[in-house]
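Fold and contact review
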Amino acid sequence: MNDRYQSPLSERYASKEMQYIFSPEKKFRTWRKLWIALAETEKELGLPITDEQIEELKAHAEDINFEEAKAREKLVRHDVMSHVYAYGLQCPKAKGIIHLGATSCYVGDNTDLILMTEALKLVRKKLINVMKELSDFADKYKEPTLAFTHFQPAQPTTVGKRATLWLQELCLDLEDLDHVIGSMKLLGSKGTTGTQASFLELFDGDHEKCREADRRIAAKMGFSQCYPVSGQTYSRKIDSRVLSVLAGIAQ
């Protein structure tokens with residue numbers, strides 16, 4: 001199956017929505033959206049790319065030819081180049097401009113950032129639902145009862161008040177989650193070492209066009225900004241920030 005991420009843990013515990021976000025189908029459709037965004041941006045900034053080529057790319061954005069890509073990967077041992085090849089089979093007029101000037105991380109790392117952001121938004125929705133259930137529980141059990149501390153009878157409290165302790169911690173998690181989601185950026189089109197050298201060559205040394213390419217690709221993919229500095233990859237510090245907020249919720 002290509003429409004869901006598969007592992008023993010995900011099949012047992014993950015929602016269908018989360019499995020789809022990390023599925024091969026979602027991943028490779030996102031790759032194609034990024035290739036379309038790149039081609040559109042390069043055309044807008046003056047490269048000789050035609051509307052016909054872009055329309056051809058858009059016509060096959062959703063129908064991934066997995067078998068052709070898998071067969072090619074057995075030969076060349078490279079996932080991105082295999083999918084460039086497979087996309088080119090479906091788009092013969094546009095095959096020469098697919099991935100133009102980009103490195104593998106243009107699709108790989110940008111897609112990771114996009115999917116992580118979508119997944120965090122799904123977590124946020126589920127977290128708010130849990131908070132609503134806890135709020136209702138706290139309101140339902142608001143009658144006084146005797147509390148204990150150190151296994152000794154203490155002052156009166158309510159079961160609902162105990163639930164507000166858990167709810168308050170989830171409020172802190174929600175604040176952290178909103179901060180992480182709000183700070184997520186796209187990698188953009190940084191090239192093999194993060195210097196945009198290949199794009200600088202394509203744009204005849206025009207540095208502003210390289211910067212504008214980042215801005216336009218980010219906007220097309222639903223982001224307001226790209227990380228200003230990177231190597232070929234985005235900083236793995238982002239991964240640790242995401243893991244940290246998820247660990248907080250799990251606690």
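As a starting point, this report considers the structure included with it. (Residues numbered from 1 in each chain as written. Predicted model: local features only at pLDDT ≥ 70, side-chain atom pairs only at ≥ 80, totals over all residues. Heavy atoms only, no water.)

The full count for this structure, using the stated rule, is 19 salt bridges. For the salt bridge of Glu208 with Arg215, the shortest nitrogen-to-oxygen distance reads 2.3 Å. Classification of Glu208 as partly exposed rests on a relative accessible area of 37%. Assessed through its relative accessible area of 43%, Arg215 is described here as partly exposed. Several salt bridges converge on common partners, so that one network encompasses Glu40, Glu44, Lys58, Glu208, Arg211, Glu212, Arg215, Arg216 and Lys220. (Salt bridge = Lys/Arg side-chain N within 4 Å of Asp/Glu carboxyl O. Buried < 20%, exposed > 50% of the residue type's maximum accessible area, 1.4 Å probe, protein only.)

Turning our eyes to something else, we now look at the side chain of Thr103. In this fold, Thr103 is placed in the loop between α6 (79-90) and α7 (104-140). The buried category is assigned to Thr103, whose relative accessible area is 10%. Among the polar contacts made by the side chain of Thr103, one reaches the side chain of Gln232 at a distance of 2.5 Å. (Helix = DSSP H or I, 4+ residues; strand = E, 2+ residues; numbered from the N terminus. Polar contact = N/O pair within 3.5 Å; in protein donor to acceptor, adjacent residues only side chain to side chain.)

In this structure the tally under the stated criterion is five aromatic pairs. Taking the centre distance of 5.9 Å and the plane angle of 35° together, the rings of Trp35 and Tyr87 count as tilted. With Trp35 in helix α3 (residues 24-44) and Tyr87 in helix α6, this pair connects stretches of sequence that are 52 residues apart. Grouping residues by exposure puts Trp35 and Tyr87 together as buried. A centroid spacing of 4.8 Å and a plane angle of 45° characterise the contact between Phe137 and Tyr141, whose relative ring orientation is tilted. Residue class for Tyr141 comes out partly exposed when judged on its relative accessible area of 36%. One cation-aromatic arrangement involves Arg32 over Tyr87; the distance from NZ or CZ to the ring centre is 4.0 Å. (Phe/Tyr/Trp six-rings, centres within 6.5 Å; stacked < 30°, edge-to-face > 60°. Lys NZ or Arg CZ within 6 Å of the ring centre and 35° of its normal.)

Worth remembering: the numbers are spatial, not functional.
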